[in-house]
Amino acid sequence: MVASRAIGSLSRATASRMLRCPGYICRNFSASSALQTRTHINYGVNGDVAVVRINSPNSKVNTLNKELQSEFVEVMNEIWASDQIRSAVLISSKPGCFIAGADLSMLASCKTPEEVTQISQEGQRMFEKLEKSTKPIVAAISGACLGGGLELAISCQYRIATKDRKTVLGTPEVLLGILPGAGGTQRLPRMVGVPAAFDMMLTGRNIRADRAKKMGLVDQLVEPLGPGLKPPEERTIEYLEEVAVTFAKGLSDKKISIKRDKGFVEKLISYAMSIPFVRQQIYKKVEEKVRKQTKGLYPAPLKIIDVVKTGIEQGNDAGYLSESKKFGELAMTKESKALMGLYHGQVLCKKNKFGAPQKEVKHLAILGAGLMGAGIAQVSVDKGLKTILKDATLAGLGRGQQQVFKGLNDKVKKKALTSFERDSIFSNLTGQLDYEGFEKADMVIEAVFEDLSLKHRVLKEVEALIPDHCVFASNTSALPISEIAAVSKRPEKVIGMHYFSPVDKMQLLEIITTEKTSKDTTASAVAVGLKQGKVIIVVKDGPGFYTTRCLAPMMSEVLRILQEGVEPKKLDSLTTNFGFPVGAATLVDEVGVDVAKHVAEDLGKAFGERFGGGSLELLKQMVSRGFLGRKSGKGFYIYQEGVKNKNVNSDMDGILASLKVPPKSDVSSDEDIQYRLLTRFVNEAVLCLQEGILATPAEGDIGAVFGLGFPPCLGGPFRFVDLHGAQKVVDRLRKYEAVYGKQFTPCQLLIDHANSPNRKFCQ
Amino acid sequence: MTSILTYTFKNLPSTSKWALQSLRPLSCSSQLRAAPAAQNKSKKTLAKPNIRNIVVVDGVRIPFLQSGTSYKDLMPHDLARAALSGLLHRTNVPKDVVDYIIFGTVIQEVKTSNVAREAALGAGFSDRTPAHTVTMACISANQAMTTGIGLIASGQYDVVVAGGVELMSDVPIRHSRKMRKMMLELNKAKTLGQRLSLISKFRLNFLSPELPAVAEFSTSETMGHSADRLAAAFAVSRLDQDEYALRSHSLAKKAQDEGLLSDVVPFKVPGKDTVTKDNGIRPSSLEQMAKLRPAFIKPYGTVTAANSSFLTDGASAMLIMAEEKALAMGFKPKAYLRDFVYVSQDPKDQLLLGPTYATPKVLEKAGLTMNDIDAFEFHEAFSGQILANFKAMDSDWFAQNYMGRKTKVGSPPLEKFNNWGGSLSLGHPFGATGCRLVMAAANRLRKEGGQYGLVAACAAGGQGHAMIVEAYPK
């Protein structure tokens with residue numbers, strides 16, 4: 001729903017007819033307009049102000065699709081032609097959404113870059129007409145104004161936005177591997193200055209209304225209203241419209257100027273930007289930064305810089321041309337397809353396909369106030385869940401409470417919360433050492449140590465207290481849920497909820513169901529996860545579920561590569577250059593060497609030879625030396641408070657030397673090392689689908705990218721196979737299989753896909 | 001209501017005298033209407049068995065002045081003292097009969113944080129009469145009165161003085177927290193070295209002062225801003241607000257000119273002339289008012305300086321007694337203080353809707369209906385706030401969706417509403433307004449006839465109050 005886009009082909013038809021015989025057709029149009037009801041857009045006239053209301057049927061959001069665009073063009077042409085109308089207001093009738101962006105399917109249906117370029121050019125033309133309109137147009141923005149929606153808004157003469165949390169403005173195109181293709185790259189720098197425009201377009205970040213006002217992205221703010229004689233949202237939109245109409249009148253009467261008073265800093269920046277040398281320096285700096293961050297894996301940011309540069313240095317016409325061309329090119333890239341796939345997957349994983357649970361969870365209890373327990377508590381209280389955080393010791397509990405408080409307080413520092421809201425949210429948390437209040441809990445999530453007998457003990461203790469309907473969820477990364485549920489009196493109420501650390505930052509939640517878990521229990525867990533703002537995949541129980549199981553063979557390969565003499569730093573840079581957000585060696589440190597060892601042992605037992613590769617001895621020795629990773633201060637690296645550049649732990653040299661194995665020269669090039677890691681991951685993921693652990697490939701992609709840091713530019717293991725070609729993946733695996741054996745044997749499903757090239761995991 | 005007003009005001013020259021004349025028939029009719037209404041009350045009296053009747057013997061206030069005028073060099077307890085002296089003078093109550101003194105105040109002068117005690121001592125009350133200070137934003141004086149009611153009703157005391165004071169001409173402006181911290185640490189530092197090391201941490205920004213916020217602590221929103229949003233939520237227009245403000249000023253002027261504001265006692269300000277009347281009453285014209293720019297939501301809001309209450313200095317005090325005590329002492333009380341309620345709601349979006357919530361509740365508690373009320377005295381924080389409350393009270397939708405009630409309570413008839421002006425025109429010293437409202441209701445019932453008065457007010461923090469005042473039989 002995000003990308004930029006504009007006006008459909010009908011616009012040209014209408015426009016050309018208008019040119020030929022304006023008077024006649026216009027009169028006809030406006031006469032019929034009162035009667036004619038359109039699907040997406042309608043307008044009424046208030047005095048001499050036309051109020052254009054956007055409201056796509058059967059959808060929570062407005063997206064720029066062909067139909068909406070052609071109706072918009074029709075309506076605008078009527079407005080421009082009418083003698084009675086002197087100005088216009090554009091507003092959405094949907095609370096919480098102005099225009100959320102362009103309809104992505106419009107791009108998906110294009111086969112060539114030229115088709116996409118054409119879509120872009122039509123959009124550019126339409127928005128140019130808006131920009132040059134002699135009748136002032138006011139965009140009244142409430143809710144999401146993203147992508148094409150923002151490009152529409154900045155083509156208007158004036159913008160008024162509600163100062164609501166839901167009102168966000170942004171150009172998220174870059175996150176989909178494309179660029180703002182309807183004039184955004186040209187208008188935005190002019191409106192907010194080059195540095196701010198780069199920031200918006202290269203990060204895709206959402207900008208809140210008050211910030212947008214300061215930047216000059218919107219001209220006026222309207223405060224959201226409370227209850228009056230109508231529901232607050234309804235009245236707020238009405239009020240926004242009233243205010244916008246006043247401004248539209250003021251603009252057409254020339255009582256209000258669209259010129260904005262710039263602050264001193266802004267004036268300074270715009271002065272600096274008028275010096276070519278400064279501009280060149282800025283382009284250079286931004287480009288350097290982008291290259292460093294994207295490692296050249298993402299083409300969109302560089303093209304955005306290029307297009308902006310073209311517009312500024314060579315003028316608008318060149319800028320628009322470059323924008324539309326690059327837009328077409330980008331839309332056809334693998335990266336863009338991968339990112340859009342992720343976007344669709346994410347939307348899918350934000351829905352509860354198990355329906356509404358019979359009883360809504362209002363009281364949550366969490367066992368264990370460790371990093372995970374406290375993290376789960378934080379995302380729960382944040383959304384108004386009454387949460388009990390129970391720990392065995394006062395010190396442990398205190399640490400957990402402090403973690404929650406700090407998490408909330410950091411939001412206050414970023415002005416995402418007020419200190420009062422923080423206090424009121426924090427009051428949802430009850431810290432305690434006993435089981436008081438568990439009789440009211442609707443769900444208990446245990447986050448105690450990864451030890452089966454301990455988990456059994458707390459399960460039995462809790463089951464003696466909780467009400468019948470209460471769900472018992474286990475936050476474990478590898479222990480099979482059915483084993484935990486084995487001691488339960490009510491296994492249908494037991495489920496796995498695998499959170500990722502740090503809980504407040506990682507979006508993924510992996511929910512694990514056993515054979516016995518009831519559908520309502522699953523629905524309940526998904527509902528809680530969605531409330532906590534998570535992207536959710538639901539998988540079947542099994543050793544390592546989905547995420548841990550995919551990671552384990554890759555980790556095993558990491559060990560082997562290290563044993564083969566690749567330096568941890570080198571390995572890290574190989575993996576990050578491939579698109580992993582965290583280097584492989586660093587990842588082991590972050591996860592915790594003891595945890596990694598634990599998992600490797602468990603899964604090694606369960607899956608045998610396939611999970612072999614590196615020697616477990618390496619992890620064992622590290623654990624015995626106390627090198628547990630970041631948490632103990634030493635792992636492959638040395639971690640010190642306040643030291644940014646971490647140093648390699650030289651004590652590891654001895655351990656690595658003692659376990660050294662000779663590298664196989666055929667498969668030890670940098671690229672081979674990268675693919676050895678990746679293909680083992682991908683192969684295991686496909687096997688999970690084959691075995692039914694995963695329900696859909698989309699969930700597999702989302703789980704891998706959002707939980708494990710699988711390179712987003714590849715779109716997840718399944719999208720990767722689709723885009724890269726199953727045959728090529730199988731070939732790679734076969735090559736490594738020849739050297740290392742069974743660990744690289746491609747699974748049947750992958751072979752099937754390789755044998756029938758038209759079969760795709762993702763549609 | 002606005003249409004009536006518009007008609008009256010728009011068709012007459014807008015000098016205050018003319019406006020007053022036009023209003024006269026309005027208030028006459030209210031007297032006529034009030035008289036027969038008194039005979040058809042839901043209840044003959046609100047006296048309850050086994051509960052002591054509590055009466056107001058009398059109440060006074062010093063003139064309410066715009067801040068920065070004649071009281072500007074005084075301290076809050078000076079104003080409170082003047083009100084207390086005035087009360088003594090007016091009632092001739094022997095000082096030693098007073099069991100207890102309670103004052104309300106909002107912005108505290110730190111030197112006299114128990115301003116009730118400091119004022120009582122200075123006003124010549126017995127040093128054996130305990131006193132305490134309460135605070136509850138704009139309903140602080142109401143809280144002082146109801147605290148007194150509680151003390152009497154529970155049989156602890158017989159005679160209580162309740163009042164309130166506010167001096168907005170001077171407010172505590174503090175050093176920044178960093179500066180305060182350094183100064184306090186400096187105090188504790190023993191050696192020169194310690195002192196120097198502390199002083200070396202000084203930064204220029206430590207000197208930036210901390211002003212007392214007029215904003216809600218919980219939401220950081222100023223009250224005027226909230227009022228503007230409230231007015232918008234209820235679609236109250238700028239014109240309606242200006243008209244209401246003009247009504248308030250015109251009625252206040254008329255009441256002042258006719259000498260109806262009998263609760264005002266003159267105050268000889270040291271070094272200055274004697275102040276005899278409120279100085280914030282300024283009937284203007286709609287044209288003049290229309291010229292003002294919005295004060296809070298700029299540039300398109302509707303709340304302006306002219307339709308808001310202004311910063312005010314003032315103090316009030318009243319003598320409350322158990323009825324039998326008052327009669328035994330030979331007093332002729334003015335009114336009974338009957339049922340009261342406090343309410344609170346969302347401090348963000350319903351900050352100023354206290355009267356809407358409190359009115360039906362107190363009526364129910366007392367067993368009365370809107371028709372039983374002869375005199376309404378509501379605190380006017382902003383025109384927009386009053387009109388929004390009217391609309392909320394008149395809305396079934398609001399009653400059902402936000403108040404958990406089946407039906408609306410109805411908005412008060414304008415001819416019985418704040419007939420002698422209100423906070424918009426008379427002024428609003430935060431801590432002192434409550435007593436003014438009660439005395440206005442009591443005095444209006446005596447003057448205009450009628451049995452029951454309803455006092456209601458909103459307050460910062462999203463709180464509200466309402467009380468029934470019953471006229472004491474003549």
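Throughout this document, residue positions are counted from 1 along each chain, in the order its sequence is written. Chains carry letters from A onward and ligands carry numbers from 1 onward, assigned in written order. Given that this is a predicted model, residues contribute local features only at a pLDDT of at least 70 and side-chain atom pairs are listed and counted only at 80 or more, while totals for whole chains, interfaces and linings are drawn from all residues. Hydrogens and waters are ignored; side-chain quantities use all the structure's heavy atoms.

## Concerning the overall build of chain B
Thought 1: Segments assigned H or I by DSSP are reported as helices when at least four residues long, segments assigned E as strands when at least two residues long, and all are numbered from the N terminus. Each helix and strand in chain B was counted, giving 16 helices and 12 strands.
Thought 2: It is over C-alpha atoms that the radius of gyration is taken, and the globule rule equals 2.2 Å times the number of residues to the power 0.38. Against the compact-globule benchmark of 23 Å for 474 residues, chain B has a radius of gyration of 23 Å, which places it among compact chains.
Thought 3: Along the first, second and third principal axes, the C-alpha set of chain B runs to 85 × 60 × 50 Å.
Thought 4: In this scheme, a residue with accessible area under 20% of its type's maximum is buried, one over 50% is exposed, and one in between is partly exposed, where area comes from a 1.4 Å probe on protein chains only. By residue count, 57% of the 474 residues in chain B fall in the buried class.

## Digging into the nonpolar core
What tends to happen in soluble globular proteins is that the nonpolar side chains get buried as a cluster.
Residue and element names in this part refer to chain A.
Thought 1: The biggest cluster of nonpolar side chains holds 101 residues, and the ones touching the most others in it are F438, V444, Y546, L571, L678, F710 and F718.
Thought 2: The element best represented in this core is helix α28 (residues 670-690), accounting for 11 residues.
Thought 3: For this core, the domains that each give at least three residues are domain 2 (363-542) and domain 3 (547-755).
Thought 4: Note on terminology: a nonpolar core comprises buried Ala, Val, Leu, Ile, Met, Phe, Trp, Tyr and Cys residues joined through side-chain atoms within 4.5 Å. Within the second largest apolar cluster, 73 residues are counted, among which are M76, I137, V307 and L330. Boundaries of every domain are those given by an automatic assignment or by a domain database.

## A look at the UniProt feature "domain: 3-hydroxyacyl-CoA dehydrogenase C-terminal" (unreviewed entry) in chain A
Thought 1: UniProt positions are given in the numbering used here, feature names are shortened, and annotations may be inferred rather than shown by experiment. Under the feature "domain: 3-hydroxyacyl-CoA dehydrogenase C-terminal" (unreviewed entry), the UniProt entry names residues 544-639 of chain A.
Thought 2: Split by type, residues 544-639 of chain A is 61% helix and 2% strand. Its first and last C-alpha atoms lie 28 Å apart.

## Looking at the confidence of the model for chain B
All names here are of chain B.
Thought 1: The predictor rates its confidence in each residue with pLDDT, a number between 0 and 100. Residues at a pLDDT of 70 or more form 92% of chain B, whose mean pLDDT is 91.
Thought 2: Across residues 1-38, confidence stays below pLDDT 50; counting only partners more than four residues off in sequence or on other chains, it has 48 contacts.
Thought 3: For this predicted complex, the interface confidence score (ipTM) comes to 0.89, while the overall pTM stands at 0.89. Any two residues having at least one pair of non-hydrogen atoms within 4.5 Å are treated as being in contact.

## Considering the sheet that holds strand β2 (residues 49-54) of chain A
Residue and element names in this part refer to chain A.
Thought 1: At least two bridges found by DSSP between two strands is the condition for calling them paired. Strand order in this open sheet of 6 strands is β1-β2-β3-β5-β7-β10, and the pairing throughout is mixed. Of all strands in the sheet, those with a lone pairing partner are β1 (41-46) and β10 (220-222), marking the two edges. If you compare each strand with its neighbour and ignore which way they point, the axes differ by 20 degrees on average.
Thought 2: Packed onto the sheet, helix α3 (residues 66-81) meets β1, β2, β3 (87-92) and β5 (137-141) and runs at close to 20 degrees relative to β1.
Thought 3: Across the face of the sheet, helix α10 (residues 232-252) comes into contact with β1, β2, β3, β5, β7 (158-162) and β10 while running at roughly 160 degrees to β3. As a rule, the C-alpha atoms of each element are fitted with a line to give its axis, helices using only the stretch in contact, and angles between N-to-C directions run from 0 to 180 degrees.

## Some thoughts on the interface of chain B and chain A
Thought 1: Across the contact, 18 residues belong to chain B and 19 residues belong to chain A.
Thought 2: Reported buried area values correspond to the accessible surface (1.4 Å probe) lost by two parts on association, with both partners' losses combined. Carbon and sulfur atoms supply 65% of the area that chain B and chain A bury against each other, a total of about 1700 Å² over both sides.
Thought 3: When the buried surface of chain B facing chain A is broken down by residue, A233(B), Y300(B) and W397(B) rank first, second and third, together holding 35% of it.
Thought 4: We call two N or O atoms a polar contact when they sit within 3.5 Å, provided that within protein one can donate a hydrogen and the other can accept it, with sequence-adjacent residues counted only if both atoms are side-chain atoms. Linking chain B to chain A there are 5 residue pairs in polar contact (both at pLDDT 80 or more).

## Side note on unusual backbone geometry
Thought 1: The omega angle of the peptide bond from S501(A) to P502(A) is -10 degrees, so this bond is cis rather than trans.
Thought 2: Within the secondary structure layout, P502(A) lies in the loop between β16 (494-499) and β17 (508-513).
Thought 3: In this structure, P299(B) follows K298(B) across a cis peptide bond, with omega equal to 0 degrees.
Thought 4: Residue K295(A) is not a glycine yet carries a positive backbone phi of 55 degrees.
Thought 5: Within the secondary structure, K295(A) sits in the loop between α12 (276-294) and α13 (299-314).

## Points about the UniProt feature "domain: Thiolase N-terminal" (unreviewed entry) in chain B
Thought 1: The UniProt record annotates "domain: Thiolase N-terminal" (unreviewed entry) at residues 54-324 of chain B.
Thought 2: Structurally, residues 54-324 of chain B is divided into 36% helix and 15% strand, and its ends, taken at the C-alpha atoms, are 9 Å apart.

## A closer look at the packing of aromatic side chains
Thought 1: Within 6.5 Å between ring centres, the rings of Phe, Tyr and Trp (the latter by its six-membered ring) count as paired, and their orientation is classed by plane angle as stacked under 30 degrees, edge-to-face over 60, tilted in between. All chains considered together, the criterion is met by 26 aromatic pairs over all chains.
Thought 2: Aromatic pair Y100(B) and Y157(B): ring centres 5.4 Å apart, planes at 25 degrees, arrangement stacked. With Y100(B) in strand β3 (residues 100-104) and Y157(B) in the loop between α5 (140-153) and β5 (159-166), the pair connects residues that are 57 residues apart, well separated along the chain.
Thought 3: Take Y100(B): its relative accessible area is 14%, and that puts it in the buried class.
Thought 4: Exposure remark for Y157(B): the relative accessible area of 26% places this residue in the partly exposed category.
Thought 5: One aromatic cluster is present, built from ring pairs that chain together F234(B), Y357(B), W397(B), F398(B) and Y402(B).
Thought 6: Residue placement shows R560(A) over the ring face of Y740(A); its charged tip is 3.7 Å from the ring centre.
Thought 7: Its end group placed over the ring of F744(A), R680(A) keeps NZ or CZ at 5.5 Å from the ring centre. Two conditions define a charge located above a ring, namely a distance within 6 Å from the ring centre to NZ of Lys or CZ of Arg, and an angle within 35 degrees of the ring normal.

## Here we look at the packing of α5(B) against helix α16 (residues 433-448) of chain B
Residues and elements named next belong to chain B.
Thought 1: With their axes 5 Å apart at the nearest point, α5 and α16 run at an angle of 70 degrees to one another. Taken together, the axes of α5 and α16 are roughly perpendicular relative to one another. Here α5 contributes A141, N142 and M145 to the contact with α16, which in turn contributes G434, C435 and V438.
Thought 2: For this scheme, ten residues count as nonpolar: Ala, Val, Leu, Ile, Met, Phe, Trp, Tyr, Cys and Pro. Four count as charged, namely Asp, Glu, Lys and Arg, and the remainder, Gly too, count as polar. Of the residues assigned to the contact of α5 with α16, the class counts are 4 nonpolar, 2 polar and no charged. Angles below 35 degrees are treated as roughly parallel, those above 145 as roughly antiparallel, those between 65 and 115 as roughly perpendicular, and all remaining angles as oblique.

## Some words on the UniProt feature "domain: Thiolase C-terminal" (unreviewed entry) in chain B
Thought 1: Taking the UniProt record as the reference, the feature "domain: Thiolase C-terminal" (unreviewed entry) is found at residues 332-470 of chain B.
Thought 2: Taken end to end, residues 332-470 of chain B is 37% helix and 23% strand, and its first and last C-alpha atoms sit 14 Å apart.

## Comments concerning the confidence of the model for chain A
Thought 1: Chain-level statistics for chain A give a pLDDT mean of 91 and a share of 95% at 70 or above.
Thought 2: Note that pLDDT drops below 50 for residues 1-35 of chain A; the model gives that stretch 84 contacts with residues more than four away or on any other chain.

## Side note on the domain arrangement of chain B
Often, the extent of an interface is quoted as the loss of accessible area on bringing the components together.
Thought 1: Taken domain by domain, chain B holds domain 1 (54-168 + 257-471) and domain 2 (182-212).
Thought 2: The C-alpha-based centres of domain 1 of chain B and domain 2 of chain B are spaced at 43 Å.

## With respect to the pattern of salt bridges
Residues and elements named next belong to chain A.
Thought 1: In what follows, salt bridge is the name for a side-chain nitrogen of Lys or Arg lying within 4 Å of a carboxyl oxygen of Asp or Glu. Under the definition given, this model contains 71 salt bridges over all chains.
Thought 2: The salt bridge partner of E421 is R165, with a shortest N-O separation of 3.1 Å. With E421 in helix α18 (residues 419-426) and R165 in the loop between β7 and β8 (168-170), the pair connects residues that are 256 residues apart, well separated along the chain.
Thought 3: What makes R165 exposed here is its relative accessible area of 51%.
Thought 4: Two residues, D651 and K634, come together in a salt bridge whose shortest N-O distance is 3.8 Å. Taken together, the positions of D651 in the loop between β20 (647-648) and α27 (652-658) and K634 in the loop between α26 (616-624) and β19 (637-638) put the pair 17 residues apart, joining distant regions of the chain.
Thought 5: By sharing partners, the salt bridges in this structure join E557, R560, E564, R676 and R680 into a single network.

## Structural notes on the domain arrangement of chain A
Thought 1: Assigned domains of chain A: these are domain 1 (41-332), domain 2 (363-542) and domain 3 (547-755).
Thought 2: If you average the C-alpha positions of domain 1 of chain A and of domain 3 of chain A, the two centres end up 43 Å apart.

## Section: the side chain of S474(A)
All names here are of chain A.
Thought 1: Along the polypeptide, S474 turns up in strand β15 (residues 471-474).
Thought 2: Overall, S474 belongs to the buried group, its relative accessible area being 0%.
Thought 3: Not counting the four nearest positions on each side in its chain, S474 is found in contact with E446, K455, I481, I484, I495, G496 and M497.

## Observations concerning the sheet that holds strand β6 (residues 144-146) of chain A
Strand pairing in a sheet takes place through backbone hydrogen bonds and is either antiparallel or parallel in direction.
Residues and elements named next belong to chain A.
Thought 1: As summarised here, the arrangement of the 4 strands in space is β4-β6-β8-β9, forming an open sheet in which the pairing is mixed. Here the strands that pair on one side only, and so sit at the sheet edges, are β4 (97-99) and β9 (207-208).
Thought 2: Against the sheet, helix α6 (residues 148-155) engages β4, β6 and β8, with an angle of about 85 degrees to β6.

## Considering the UniProt feature "active site" (unreviewed entry) in chain A
Thought 1: Annotation from UniProt places "active site" (unreviewed entry) at E510(A).
Thought 2: In this structure E510(A) touches G496(A), M497(A), H498(A), F500(A), I537(A), V539(A), F545(A), Y546(A) and T547(A), once residues within four positions along its chain are discounted.

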